Amino acid sequence: MDDMASLLLLGLAPVFVGCVAWEAWALRGRGKYTLVDTVSNASLALLHQVSDGLFNVLVATLAYSFFYQHRLFDLSLTPWTILLLFLLQDFFYYWFHRGSHMIRWMWASHVTHHSSERLNLSTAFRQSFTYPVSGMWLFWVPLAWIGFTPQQVIVVVGLNLAYQFFVHTEVVRRLPRPLEYLFNTPSHHRVHHARNPRYIDRNFGGVLIIWDRLFGTFEPERDDEPCEYGITRQIHSHNPFTLTLHEWRDMLSDARHSGSPGKAIRTLFGKPPAHQPSRRD
């Protein structure tokens, strides 16, 4: 399974690049792509991949291995356990994603992904290399504890994120209604990236949108309210280190000047200023 998944993910890289090239050509002349924004997204992707790769080898695999050694069940791969793995990972992804908007420590990483004022397929590459620090990997620990191998956990997370590449687009408007009801689609994800008050902190699903419907965070895209992308106070920079670290800088500064340990903890782990970048941009 590991070799097959590695080959699959490696094979998807040219697919992603090809899709970005096609979309950029299809949207030429409309201001949906700029060279500097696309290069910035690619730079963030490279930094993220290096960080994620090292962390998976050095820390995540060891943590998952520890919990797998104390697993609750011995699970063999069958169609039913693969389905269970997919559903559980997507469920935990929903809570990771929701937490990334509700806990400032996690938002400090996730804000990077939301900071572009455009939404296109290259925006999917716009990731932070600080996710290992903010704790993304902790949300997959229960999968190993239940009885899925560390390799299976890493693979299913990667495939979930690979699916999400395709929902970062304005080219696809709406899919047939049953698909829109069950799955995270470009329409749903445009809402998630929008900074309109109606749309902020909505549609956290990875592959499935049913979790948002179940837990009250679903918001449909409205034709009479086009999505405006980015964060509520935009950070006008294409420097990948500025885009990655500006909220960490501000959060730690706020905690340092908060006046008491209790206030510092609330600053770090309370709700973040809504989509707010650096006050010194």
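Residues numbered from 1 in each chain as written. Predicted model: local features only at pLDDT ≥ 70, side-chain atom pairs only at ≥ 80, totals over all residues. Heavy atoms only, no water.

**Considerations on the overall build of the protein chain**
Stated formally: Each helix corresponds to a stretch of at least 4 residues labelled H or I by DSSP, and each strand to a stretch of at least 2 residues labelled E; elements are numbered beginning at the N terminus. Each radius of gyration is computed over the set of C-alpha atoms, and the globule rule expresses the reference value as 2.2 Å times the number of residues to the power 0.38. Contacts are residue-level and defined by heavy atoms, with any inter-residue pair within 4.5 Å sufficient. Computed with the Shrake-Rupley method and a 1.4 Å probe, the accessible areas treat only the protein chains shown as cover for residues. When charges are counted, Lys and Arg are positive and Asp and Glu negative, with His and the chain ends excluded. Throughout, a charge is located at the NZ atom of Lys, the CZ atom of Arg, the CG atom of Asp or the CD atom of Glu.
The secondary structure content of the protein chain amounts to 12 helices and zero strands. Seen in sequence order, the protein chain has helices and strands lined up from the N terminus as α-α-α-α-α-α-α-α-α-α-α-α. Here the C-alpha radius of gyration of the protein chain, 19 Å, is about what a compact globule of 281 residues would show, namely 19 Å. Across its three principal directions, the C-alpha atoms of the protein chain cover 50 × 50 × 35 Å. Pairs at least 24 residues apart make up 78% of the contacts formed inside the protein chain by residues separated by at least 6 positions. Of the roughly 13,800 Å² that the protein chain leaves accessible, carbon and sulfur atoms contribute 68%. Placing the 25 positive and 22 negative side-chain charges of the protein chain at their respective mean positions leaves the two points 6 Å apart.

**Things to note about the confidence of the model for the protein chain**
Note the following rule: As a per-residue quantity, pLDDT reports the predictor's confidence and falls between 0 and 100.
Mean pLDDT over the protein chain: 90, with 93% of residues reaching 70 or higher. Scored below 50 in pLDDT, residues 1-6 makes five contacts in the model with residues more than four places away or belonging to other chains. Across residues 277-281, where pLDDT falls below 50, the model places 20 contacts with residues more than four positions away in sequence or in other chains.

**Some points on the side chain of E219**
Note on placement: E219 falls in the loop between α10 (210-215) and α11 (240-256). Not counting chain neighbours up to four residues away, the residues in contact with E219 comprise V191, R198, Y199, R202 and N203.

**Thoughts on helix α4 (residues 104-114)**
Cut-off, in case you're wondering: Three exposure classes are used, based on accessible area relative to the maximum for each residue type with a 1.4 Å probe and protein chains only: buried under 20%, partly exposed in between, and exposed over 50%.
Across the 11 residues that make up α4, a large majority, 10, are buried. Within the sequence span of α4, burial applies to R104, M106, W107, A108, S109, H110, V111, T112, H113 and H114.

**A short note on helix α12 (residues 261-269)**
The following threshold applies: In this context, the arc is that of the directions from the helix axis out to the C-beta atoms.
Along α12, the residues that are buried comprise A264, T267 and L268. Each buried residue of α12 sits inside an arc of 95° when the element is viewed along its axis, so together they form one side. Facing away from the buried side of α12 by more than 90 degrees, the exposed set consists of I265 and R266.

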